[in-house]
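Chain by chain, the residues run as shown.
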Amino acid sequence: MNTTQFTACLQHVAQGMIASEPRLTALDQVIGDGDHGIGIKRGFTALQTLLSAPEFSPADIGDCLLQSGTRLMTSMGGASGAIFGTLFRAGGKGLAGRRELDAATLAEWLEIGMQAIHQRGGAEPGDKTMMDALAAAATRARSDTALPLSEALANCAQAAMAGAEGTSTMVARFGRAKNLGERAIGHCDPGAVSMALILQFMAEFTHSS
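Reading the values: the criteria
Residues numbered from 1 in each chain as written. Predicted model: local features only at pLDDT ≥ 70, side-chain atom pairs only at ≥ 80, totals over all residues. Heavy atoms only, no water. Helix = DSSP H or I, 4+ residues; strand = E, 2+ residues; numbered from the N terminus. Rg over C-alpha atoms; globule rule 2.2 N^0.38 Å. Buried < 20%, exposed > 50% of the residue type's maximum accessible area, 1.4 Å probe, protein only. Contact = heavy atoms within 4.5 Å. Lys, Arg positive; Asp, Glu negative; His and termini not counted. Charge placed at Lys NZ, Arg CZ, Asp CG, Glu CD. Salt bridge = Lys/Arg side-chain N within 4 Å of Asp/Glu carboxyl O. Polar contact = N/O pair within 3.5 Å; in protein donor to acceptor, adjacent residues only side chain to side chain. UniProt positions renumbered as here; feature names shortened; annotations may be inferred. Axes fitted to C-alpha atoms, helices over the stretch in contact; angles between N-to-C directions. Parallel < 35°, antiparallel > 145°, perpendicular 65-115°, else oblique. Left-handed = near helix turned anticlockwise from the far one by under 90°. Nonpolar A, V, L, I, M, F, W, Y, C, P; charged D, E, K, R; others polar. Arc of directions from axis to C-beta.

## Notes on the overall build of the protein
Counting its secondary structure elements, the protein contains nine helices and zero strands. Its C-alpha radius of gyration of 16 Å places the protein within 12% of the 17 Å reference for a compact globule of 209 residues. Taken along the three principal axes of its C-alpha coordinates, the protein extends 45 × 35 × 30 Å. Expressed as a percentage of its 209 residues, the buried residues of the protein come to 55%. Long-range pairs, those at least 24 residues apart, make up 70% of the contacts in the protein with a sequence separation of at least 6. The centroid of the 16 positive side-chain charges in the protein is displaced by 6 Å from the centroid of its 20 negative side-chain charges.

In C-alpha cells, the structure reads:
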C-alpha cells in the first residue's frame, strides 16, 4: 500500500469511525462518561477534512500518520484524543520516510504505538483499556509479517476485537470505569472497541481495493 492508497484507507477508517458513534456512545454510557463516541466522531470528522483537503499531500506513510495523529489529538479532546493521537503520531515518527505499508511495517507501527501509549499513561494489557485490543493486534502482527497486507490486517482486526471483547471480564484500572469496580464486569471497554474498529475498517479497505 503506497502513500496515496494509505491516505484513502484512512479516509475509509474515518467514515467508519464516524458511523460507529452510536455504538461507542452506548458502550461508554454504561461504564464511562458517555462521551467517547462523540469524541471519536469529532476527531475522525476533523481527520476526514484533513485527508480530503486538496492541499493534503503527505511525503510518505510516516508523514501521513504524523499529520493524522496531530489532527486527532487537537480535535478529539480528552484521554481518547491523547491516546489515539499518540498511536498515530508515534507511528508517524517511527515510520518516517517509509513509502509502503506492508505487513512488516504494520507490525512495526502497532508495536511503536503500543510502547508510546504505555509510556504516556502506564496502561498495560489486562487494565481494561484500548491497550487490550492494541496488544492483541500487535502480537498477531508480529507473527504475520510475511503475509500479504490484507491477510495480516484481517488477522490483526480479529485479534483486536477478541481483545476488546475480553475486556468485558475485567475490572478497570483506568478512567471512570475504575470507580465502578466489579460493576464494570460484563461490559467491553469503548476505547478497546474503537481500536479494534480502526483495524477492522483498514482491513475492509484492503480487502475491497
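Now that the structure has been shown, the text picks up again.
## Overview of the side chain of lysine 128
Mapped onto the elements of the fold, lysine 128 is located in the loop between helix H6 (103–121) and helix H7 (130–143). An unpaired buried charge is present at lysine 128: no salt bridge exists, and aspartate 189, the closest side chain of opposite charge, is 6.9 Å distant. For lysine 128, the side chain forms a polar contact with the main-chain oxygen of histidine 187, separated by 2.7 Å. Here lysine 128 is in contact with Ile31, Thr167, Ser168, Met170, Val171, Ala172, Ala184, Ile185, His187 and Asp189, once residues within four sequence places are set aside.

## Regarding the UniProt feature "domain: DhaL" (unreviewed entry) in the protein
According to UniProt, the feature "domain: DhaL" (unreviewed entry) maps to residues 4–204 in the numbering used here. Overall, residues 4–204 shows 71% helix and 0% strand. The separation of its end C-alpha atoms is 17 Å.

## Observations concerning the packing of helix H1 (residues 3–19) against helix H3 (residues 36–52)
Packed helix pairs are specified by the crossing angle of their axes together with the interaxial distance, meaning the distance between the axes. Contact geometry of H1 with H3 gives a least axis separation of 9 Å together with a crossing angle of 150 degrees. Taken together, the axes of H1 and H3 lie roughly antiparallel to each other. The crossing of H1 and H3 is left-handed. Each of Thr7, Leu10, Gln11, Val13, Ala14, Gln15, Met17 and Ile18 in H1 lies in contact with H3, whose residues at this interface are Ile40, Lys41, Phe44, Thr45, Gln48, Leu51 and Ser52. Taken together, the residues of the contact of H1 with H3 sort by class into eight nonpolar, six polar and one charged.

## A look at the pattern of salt bridges
Going through the model one piece at a time under the given rule, you end up with four salt bridges. A salt bridge links arginine 142 to glutamate 111; the shortest N-O distance between them is 2.3 Å. Residue arginine 142 is found in helix H7, and its partner glutamate 111 is found in helix H6; the two are separated by 31 residues along the sequence. Given the relative accessible area of 43%, arginine 142 is considered partly exposed. For arginine 173, the salt bridge is made with aspartate 127, and the minimal N-O distance between the two is 2.7 Å. Here arginine 173 is found in the loop between helix H8 (149–166) and helix H9 (190–208), whereas its partner aspartate 127 is found in the loop between H6 and H7, with 46 residues between them in sequence.

## Concerning the packing of H3 against H9
Packing of H3 against H9 brings their axes to within 10 Å, and their N-to-C directions diverge by 35 degrees. Handedness of the crossing formed by H3 with H9: right-handed. Each of His36, Ile40 and Phe44 in H3 lies in contact with H9, whose residues at this interface are Pro190, Gly191, Ser194 and Ile198.

## Looking at the environment of arginine 176
Within the secondary structure, arginine 176 sits in the loop between H8 and H9. The exposure class of arginine 176 is partly exposed, given its relative accessible area of 47%. Sequence-wise, arginine 176 and glutamate 204 are 28 residues apart; in three dimensions their C-alpha atoms are separated by 32 Å.

## Quick word on helix H2 (residues 21–31)
When we look at burial in H2, the residues that qualify are Glu21, Leu24, Thr25, Asp28 and Ile31. Down the axis of H2, the buried set is contained in an arc of 140 degrees. They therefore lie on one face. Of the residues in H2, the exposed ones pointing more than 90 degrees away from the buried face are Pro22 and Gln29. Elements that come into contact with the buried residues of H2 comprise H1, H3 and H9.

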